[in-house]
Amino acid sequence: MPLVAGVDSSTQSCKVVIRDASSGALIREGRAAHPDGTEIDPAHWWTALGSAVQQAGGLDDVDAVSIGGQQHGMVALDAEGAVVRDALLWNDTRSAPQAERLVTDLGGNQAWVDAVGVVPVASFTITKLAWLAENEPGNAARVAAVALPHDWLTWRLTGAGALEELTTDRGDASGTGYFSAATDSYRRDLFALALGHDALLPRVLHPAQSAGTLVAQGFSPGVQLGAGTGDNAAAALGLGAVPGDVVVSIGTSGVVSAVATTPSADPSGEVAGFADATGRFLPLVCTLNAARVLDATARILGVDHDRLSELALSAPAGAGGLVLVPYLEGERTPNRPDATGSLHGLTLGTSDPAHLARAAIEGLLCGLADGLDALRAQGVSPQRVFLVGGGARSAALRAIAPAVFGCPVIVPVPGEYVADGAVRQAAWMLSGAPEPPQWPLAGAQTYEADPTPRVRERYAEVRDLG
């Protein structure tokens, strides 16, 4: 019974799952926390990975492992392979001015879409390189290679040898702003435009290609390493998503993505033309405000999440006209890094906990539904929505989502779907099969409801008022 392991090295923690390579049955798992913040010493990821592996019972009986990691994070390395400065994460928005400058320097949104399928915003790696060049020129001059979080961890597992041994995959590379998913190639001119000089970039592996063998001290030697991928591509793979499926993930960020057979090119910048982890494409919309909107509302009301759901479901659809625009941490889609949240339609009749709870959940969902509309404009025809992430644990959110999205919502049992995508990739590599293994998605529930267009209309009326 060959075993395979998958890792989710996310913003908040590291999760490891170990499954049977044939059936997909869960054998054991472990996790460890990451420090909070928008910049972090990557050494913390390495320490957490070791702790999570240990908690999962080690890798002595595992044949292959693959890593899914948070996208966009900038890991800058010097000529000796040392980290130049703390990694800037996807949710660090300090590079918003550089994003605007890069767009202008290349000639506008359409030029970027034509080049790499995305329009730079503060989340993307390329903008963080431009920030480094402008604000820390000494550090920028030291940069000999740039990796993403999953690239760096895979490299460490292979023994952190020469920089030339760094690898990545097209799914994660497509979120940098200097790799084109349509052509499967780096745009080194854009990379140099941001950093000010060229540097080594990880070799891009095919989806089921091996990155080498595990030789790092403290881990079991000889284990095969998969290519790995970014967290969003890993989640889609973990769910077994196919064309016609949309994945809505409500975690630290809110993500709306779809598996597609053709690349996307959205000059508005709302839809990022990413690649997936199977050789296809993953048009994606990302918001900065997701599960933390629920956390903040529960904190304001002084209740736990179960009570927040009860309150929301006791209020009418549309919350009596009360609308929360949930830009609590700025926003990425639409691109408003300096925005704040706002409440509209507050009256004596809506001034109670139930209406505020309903407005918070509907506001969160309406922001994601705008993303779903943007995917439709790119030719995606959603037949069903997979709802995952910490926010999917909310009973009210599950019940309200199909009415706001306008299509059936499938809620799998709570799980580690990024790690599951990585473990599925590891099993695929081990098998040598042309397609990833098809494991059953047991225990999923389907939610359906009549659409509530007035909720979307009311949100649209106030969304841009500030």
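Parameters and conventions
Residues numbered from 1 in each chain as written. Predicted model: local features only at pLDDT ≥ 70, side-chain atom pairs only at ≥ 80, totals over all residues. Heavy atoms only, no water. Helix = DSSP H or I, 4+ residues; strand = E, 2+ residues; numbered from the N terminus. Polar contact = N/O pair within 3.5 Å; in protein donor to acceptor, adjacent residues only side chain to side chain. Disulfide = S-S within 2.5 Å. Buried < 20%, exposed > 50% of the residue type's maximum accessible area, 1.4 Å probe, protein only. Phe/Tyr/Trp six-rings, centres within 6.5 Å; stacked < 30°, edge-to-face > 60°. Axes fitted to C-alpha atoms, helices over the stretch in contact; angles between N-to-C directions. Parallel < 35°, antiparallel > 145°, perpendicular 65-115°, else oblique. Left-handed = near helix turned anticlockwise from the far one by under 90°. Contact = heavy atoms within 4.5 Å. Nonpolar A, V, L, I, M, F, W, Y, C, P; charged D, E, K, R; others polar. Pairing = 2+ DSSP bridges. 1 Å grid on protein atoms, 1.4 Å probe; cavity = no way out; pocket = protein on both sides within 12 Å on 5 of 7 lines; lining within 4 Å. Points joined across faces, edges and corners; volume = space filled by probe spheres on them. Salt bridge = Lys/Arg side-chain N within 4 Å of Asp/Glu carboxyl O. Core = buried A, V, L, I, M, F, W, Y, C linked by side-chain atoms within 4.5 Å.

Turning to the side chain of D231, a few remarks are in order. Structurally, D231 is set in helix α9 (residues 231-239). Only 3.3 Å separates the side chain of D231 from the side chain of N232, close enough to count as a polar contact.

Quick look at the state of the cysteines now. According to the stated counting rule, one finds zero disulfides in the structure shown. Free cysteine C366: the closest other cysteine sulfur is in C407, separated by 14 Å. On the basis of relative accessible area, C407 is assigned to the buried category, the value being 11%.

One pass over the structure, following the stated rule, counts six aromatic pairs. Arranged with centres 6.1 Å apart and planes meeting at 55 degrees, the rings of F124 and F274 form a pair that is tilted. Within this pair, whereas F124 is found in the loop between α3 (109-116) and α4 (125-135), its partner F274 is found in strand β18 (residues 272-275), the two being separated by 150 residues in sequence.

Let us look at the packing of helix α12 (residues 353-377) against helix α13 (residues 395-405). Running from N to C, α12 and α13 cross one another at 40 degrees; their axes reach a closest spacing of 9 Å. By the criterion of interaxial angle, the relationship of α12 to α13 is oblique. The way α12 lies across α13 gives a crossing that is right-handed. For the pair formed by α12 and α13, the contact residues are R358, I361, E362, L364, L365, C366, L368, A369, L372 and R376 on the first element and A396, L397, I400, A401, V404 and F405 on the second. Taken together, the residues that form the contact of α12 with α13 break down as 13 nonpolar, no polar and three charged.

Reading across from one edge, β18-β19-β17-β16-β22-β23-β24 is the order of the seven strands in this open sheet, with mixed pairing throughout. Every other strand in the sheet has two partners, leaving β18 and β24 (445-447) as the edge strands with one partner each. Each strand axis lies, on average, 30 degrees off the axis of its neighbour in the sheet, ignoring direction. Those strands touched by α9 are β16 (245-250), β17 (254-258), β18, β19 (281-287) and β22 (384-388), and its axis lies near 120 degrees from that of β19.

Once that is clear, we can look at empty space enclosed by the protein. Within the structure shown, the criterion is met by four cavities of 30 Å³ or more. By volume, the largest cavity is sized at about 80 Å³. Together, 13 residues line the largest cavity, and G269, E270, A272, R332 and T333 are the ones closest to its centre. Top element by residues in the lining of the largest cavity is β19. It accounts for three residues.

A side chain of one charge can pair with a side chain of the opposite charge when the charged atoms of the two come close. This model, assessed by the stated rule, comprises 27 salt bridges. With a closest N to O distance of 2.8 Å, R101 and E134 form a salt bridge. Of the two residues, R101 is situated in helix α2 (residues 96-106) and E134 in helix α4; the sequence distance between them amounts to 33 residues. We classify R101 as partly exposed; its relative accessible area is 28%.

Glancing now at the side chain of D78. The residue D78 is located in the loop between β6 (75-77) and β7 (87-88) in this model. Within polar-contact distance, the side chain of D78 engages the backbone nitrogen of E80 at 2.9 Å.

What follows is about the nonpolar core. The biggest cluster of nonpolar side chains holds 51 residues, and the ones touching the most others in it are V246, V248, I250, L387 and F405. Here the element with the most residues in this core is α12; it accounts for 13 residues. In this structure, L102, V113, L190 and F386 belong to the second largest nonpolar core, which totals 50 residues.

For the rest of this paragraph, the subject is the layout of surface pockets. Estimates place the volume of the largest pocket at around 990 Å³. For the lining of the largest pocket, the elements supplying multiple residues, two or more each, are β2 (13-20), α9, β16, β17, β19, α10 (291-301), β22 and α14 (417-431). Partitioned by chemical class, the residues of the lining of the largest pocket number 17 nonpolar, 18 polar and ten charged. Looking at the second largest pocket, its volume works out to about 330 Å³. R19, V413, Y417, D420 and L441 are, among the 20 residues lining the second largest pocket, the residues nearest its centre. Within the residue set of the lining of the second largest pocket, elements represented by two or more residues are β3 (26-33) and α14. In the lining of the second largest pocket, the residues fall into nine nonpolar, four polar and seven charged.

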